[in-house]
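Here's the letter readout for the chains.
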Amino acid sequence: MSGSASPTLDESSTMSEHQNNLRAMNYGVYVVTSQWGDKVNGLTAAWASQVSLMPPMVAVAIDKRWYSHELLSGGEHFTVNVLADDQVSLGKHFGSKSGRTTDKLGGVEWKPGVNGVPRLKGCRAWIECRKIDSLSTGDHTLFIGEVLASELDGAKTGQVYDRGAYYG
Ligand SMILES: Cc1cc2nc3c(=O)[nH]c(=O)nc-3n(C[C@H](O)[C@H](O)[C@H](O)COP(=O)(O)O)c2cc1C
(Lines give C-alpha, C1' and ligand atoms only; values in the text may rest on other atoms or scores of the structure.)
Protein backbone atom coordinates (compact mmCIF):
# COMPACT_ATOMS: atom_id res chain seq x y z
CA MET A 1 0.00 0.00 0.00
CA SER A 2 1.40 3.37 -0.97
CA GLY A 3 0.95 6.79 0.61
CA SER A 4 0.89 7.67 4.28
CA ALA A 5 -2.55 6.44 5.24
CA SER A 6 -1.54 4.89 8.55
CA PRO A 7 -1.82 7.28 11.47
CA THR A 8 1.43 8.06 13.24
CA LEU A 9 2.26 10.05 16.34
CA ASP A 10 2.01 13.73 15.56
CA GLU A 11 4.87 16.18 15.65
CA SER A 12 4.10 19.05 18.00
CA SER A 13 3.51 21.43 15.08
CA THR A 14 0.79 19.13 13.79
CA MET A 15 -0.65 18.87 17.28
CA SER A 16 -1.03 22.63 17.53
CA GLU A 17 -2.65 22.62 14.09
CA HIS A 18 -5.13 20.03 15.36
CA GLN A 19 -5.80 22.14 18.44
CA ASN A 20 -6.49 25.14 16.23
CA ASN A 21 -8.71 23.18 13.85
CA LEU A 22 -10.65 21.56 16.69
CA ARG A 23 -11.76 25.04 17.71
CA ALA A 24 -14.16 24.80 14.76
CA MET A 25 -16.31 22.48 16.88
CA ASN A 26 -19.34 24.19 18.45
CA TYR A 27 -20.26 24.08 22.14
CA GLY A 28 -22.61 25.41 24.75
CA VAL A 29 -21.30 26.82 28.01
CA TYR A 30 -21.98 25.17 31.37
CA VAL A 31 -20.98 25.52 34.98
CA VAL A 32 -20.42 22.06 36.41
CA THR A 33 -20.94 22.13 40.16
CA SER A 34 -19.64 19.39 42.41
CA GLN A 35 -19.48 18.38 46.03
CA TRP A 36 -17.26 16.06 47.98
CA GLY A 37 -17.81 15.94 51.73
CA ASP A 38 -17.94 19.52 52.93
CA LYS A 39 -16.21 20.87 49.78
CA VAL A 40 -18.26 22.48 47.02
CA ASN A 41 -17.10 24.10 43.80
CA GLY A 42 -18.03 24.91 40.25
CA LEU A 43 -16.10 25.36 37.03
CA THR A 44 -17.01 26.54 33.57
CA ALA A 45 -16.96 23.79 30.97
CA ALA A 46 -17.69 23.74 27.26
CA TRP A 47 -16.90 20.08 26.75
CA ALA A 48 -20.20 18.58 27.88
CA SER A 49 -22.74 16.47 26.08
CA GLN A 50 -25.75 14.20 26.42
CA VAL A 51 -24.46 10.65 25.89
CA SER A 52 -27.58 8.47 26.39
CA LEU A 53 -31.27 8.95 25.70
CA MET A 54 -32.62 6.13 27.88
CA PRO A 55 -31.68 6.34 30.63
CA PRO A 56 -30.77 10.00 30.17
CA MET A 57 -27.04 10.48 30.74
CA VAL A 58 -24.58 13.32 30.26
CA ALA A 59 -20.78 13.50 30.31
CA VAL A 60 -18.35 16.30 31.07
CA ALA A 61 -14.63 16.39 30.21
CA ILE A 62 -12.57 17.85 33.06
CA ASP A 63 -8.86 18.63 33.04
CA LYS A 64 -6.95 16.50 35.54
CA ARG A 65 -5.21 19.58 36.96
CA TRP A 66 -8.36 21.35 38.16
CA TYR A 67 -9.80 21.41 41.69
CA SER A 68 -13.13 20.27 40.23
CA HIS A 69 -11.38 17.10 39.09
CA GLU A 70 -10.64 16.26 42.73
CA LEU A 71 -14.23 16.86 43.80
CA LEU A 72 -15.75 15.02 40.83
CA SER A 73 -13.38 12.08 41.42
CA GLY A 74 -14.21 11.85 45.12
CA GLY A 75 -17.86 12.89 45.09
CA GLU A 76 -20.94 11.01 43.94
CA HIS A 77 -22.95 13.79 42.31
CA PHE A 78 -22.57 16.75 39.97
CA THR A 79 -24.86 19.25 38.31
CA VAL A 80 -24.62 20.73 34.83
CA ASN A 81 -25.89 24.31 35.03
CA VAL A 82 -26.71 25.30 31.44
CA LEU A 83 -25.72 28.97 31.15
CA ALA A 84 -28.09 31.47 29.57
CA ASP A 85 -26.85 33.89 26.91
CA ASP A 86 -26.76 36.73 29.47
CA GLN A 87 -24.43 34.81 31.81
CA VAL A 88 -21.02 35.32 30.16
CA SER A 89 -19.73 37.09 33.28
CA LEU A 90 -20.76 34.07 35.37
CA GLY A 91 -18.92 31.83 32.91
CA LYS A 92 -15.80 34.00 33.30
CA HIS A 93 -16.15 33.93 37.08
CA PHE A 94 -16.19 30.12 37.27
CA GLY A 95 -13.70 29.69 34.44
CA SER A 96 -10.88 32.02 35.44
CA LYS A 97 -9.81 30.99 38.95
CA SER A 98 -9.45 27.85 40.98
CA GLY A 99 -11.70 26.72 43.78
CA ARG A 100 -8.51 25.66 45.59
CA THR A 101 -7.79 29.29 46.41
CA THR A 102 -11.14 31.05 45.85
CA ASP A 103 -14.63 30.39 47.17
CA LYS A 104 -16.27 30.82 43.75
CA LEU A 105 -19.75 30.05 45.10
CA GLY A 106 -19.52 32.82 47.71
CA GLY A 107 -21.39 35.87 46.45
CA VAL A 108 -23.18 33.84 43.77
CA GLU A 109 -26.87 33.00 44.21
CA TRP A 110 -27.49 29.26 44.39
CA LYS A 111 -29.52 26.63 46.21
CA PRO A 112 -28.91 22.91 46.70
CA GLY A 113 -30.54 20.62 44.16
CA VAL A 114 -32.11 17.23 44.86
CA ASN A 115 -28.63 15.68 44.55
CA GLY A 116 -27.33 18.15 47.17
CA VAL A 117 -25.10 19.96 44.68
CA PRO A 118 -25.47 23.73 44.02
CA ARG A 119 -27.87 24.94 41.33
CA LEU A 120 -26.95 28.42 40.15
CA LYS A 121 -29.65 31.07 39.79
CA GLY A 122 -30.62 32.44 36.37
CA CYS A 123 -29.58 29.49 34.20
CA ARG A 124 -31.32 28.12 31.12
CA ALA A 125 -31.52 24.63 32.65
CA TRP A 126 -30.23 22.45 35.47
CA ILE A 127 -29.24 18.83 34.96
CA GLU A 128 -28.68 17.09 38.27
CA CYS A 129 -26.68 13.90 38.04
CA ARG A 130 -25.39 10.96 39.97
CA LYS A 131 -21.93 9.99 38.80
CA ILE A 132 -22.01 6.47 37.40
CA ASP A 133 -18.65 6.17 35.69
CA SER A 134 -15.50 7.96 34.59
CA LEU A 135 -13.03 7.44 31.79
CA SER A 136 -9.51 8.80 31.48
CA THR A 137 -9.18 10.60 28.13
CA GLY A 138 -5.67 12.02 27.72
CA ASP A 139 -5.22 15.03 29.98
CA HIS A 140 -8.93 15.09 30.85
CA THR A 141 -11.34 12.69 32.55
CA LEU A 142 -14.81 12.12 31.20
CA PHE A 143 -17.25 12.02 34.11
CA ILE A 144 -20.50 10.32 33.16
CA GLY A 145 -23.69 11.03 35.07
CA GLU A 146 -27.18 9.59 35.12
CA VAL A 147 -29.78 12.36 35.24
CA LEU A 148 -31.68 12.30 38.54
CA ALA A 149 -33.58 15.55 38.04
CA SER A 150 -33.74 18.35 35.50
CA GLU A 151 -35.49 21.65 35.03
CA LEU A 152 -35.72 24.15 32.18
CA ASP A 153 -36.42 27.90 32.19
CA GLY A 154 -38.21 28.27 28.86
CA ALA A 155 -37.89 32.06 29.00
CA LYS A 156 -34.09 31.86 28.72
CA THR A 157 -31.89 31.21 25.71
CA GLY A 158 -28.92 28.89 26.13
CA GLN A 159 -25.43 30.32 25.68
CA VAL A 160 -23.42 29.25 22.64
CA TYR A 161 -19.66 29.28 23.27
CA ASP A 162 -18.09 32.34 21.65
CA ARG A 163 -14.31 32.25 22.07
CA GLY A 164 -14.11 35.99 21.44
CA ALA A 165 -16.48 36.74 24.32
CA TYR A 166 -14.22 34.83 26.73
CA TYR A 167 -10.73 35.33 25.36
CA GLY A 168 -11.07 38.22 22.86
C1 LIG B 1 -15.57 29.17 28.24
C2 LIG B 1 -14.72 28.20 29.03
C3 LIG B 1 -14.83 26.84 28.79
C4 LIG B 1 -14.06 25.93 29.54
N5 LIG B 1 -14.22 24.58 29.29
C6 LIG B 1 -13.56 23.68 30.07
C7 LIG B 1 -13.83 22.29 29.91
O8 LIG B 1 -14.66 21.86 29.11
N9 LIG B 1 -13.13 21.42 30.72
C10 LIG B 1 -12.20 21.86 31.65
O11 LIG B 1 -11.61 21.03 32.33
N12 LIG B 1 -11.95 23.19 31.81
C13 LIG B 1 -12.62 24.10 31.07
N14 LIG B 1 -12.41 25.44 31.26
C15 LIG B 1 -11.39 25.88 32.23
C16 LIG B 1 -11.88 25.88 33.68
O17 LIG B 1 -13.19 26.41 33.80
C18 LIG B 1 -10.93 26.73 34.56
O19 LIG B 1 -9.60 26.28 34.43
C20 LIG B 1 -11.35 26.79 36.01
O21 LIG B 1 -10.72 27.89 36.63
C22 LIG B 1 -11.04 25.53 36.81
O23 LIG B 1 -11.56 25.72 38.10
P24 LIG B 1 -11.34 24.73 39.33
O25 LIG B 1 -9.85 24.59 39.53
O26 LIG B 1 -12.00 25.47 40.48
O27 LIG B 1 -12.00 23.45 39.03
C28 LIG B 1 -13.17 26.38 30.53
C29 LIG B 1 -13.05 27.76 30.78
C30 LIG B 1 -13.83 28.66 30.04
C31 LIG B 1 -13.72 30.14 30.34
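Keep in mind that this is a model prediction, so the values were computed, not measured. (Residues numbered from 1 in each chain as written. Predicted model: local features only at pLDDT ≥ 70, side-chain atom pairs only at ≥ 80, totals over all residues.)

(A) Geometry of the overall build of the chain. Tallying secondary structure elements over the chain gives 4 helices and 9 strands in all. Listing each helix as α and each strand as β along the chain from the N terminus yields α-β-β-β-β-α-β-α-β-β-β-β-α. For 168 residues, the compact-globule estimate of 2.2 N^0.38 gives 15 Å, and the chain sits close to it at 17 Å. Reported as C-alpha extents along the three principal axes, the dimensions of the chain are approximately 60 × 35 × 35 Å. For the chain, with 168 residues in total, the buried portion stands at 30%. (Helix = DSSP H or I, 4+ residues; strand = E, 2+ residues; numbered from the N terminus. Rg over C-alpha atoms; globule rule 2.2 N^0.38 Å. Buried ≥ 20, exposed ≤ 12 C-beta atoms within 10 Å, placed from the backbone.)

(B) How the structure looks around unusual backbone geometry. Across the junction of M54 and P55, the peptide omega takes the value 0 degrees, indicating a cis bond. You can see P55 is positioned in the loop between β3 (48–52) and β4 (57–63).

(C) The site of the ligand, seen in detail. Around the ligand sit 21 residues, and of these W47, S68, G95, S98 and G99 come closest. Sorting the residues of the shell around the ligand by element identifies β2 (39–45), β4, α2 (67–74) and α3 (88–95) as the ones contributing at least two each. By residue number, the principal contributor to the shell around the ligand is β2, which donates 4 residues. (Near = placed C-beta within 6 Å.)

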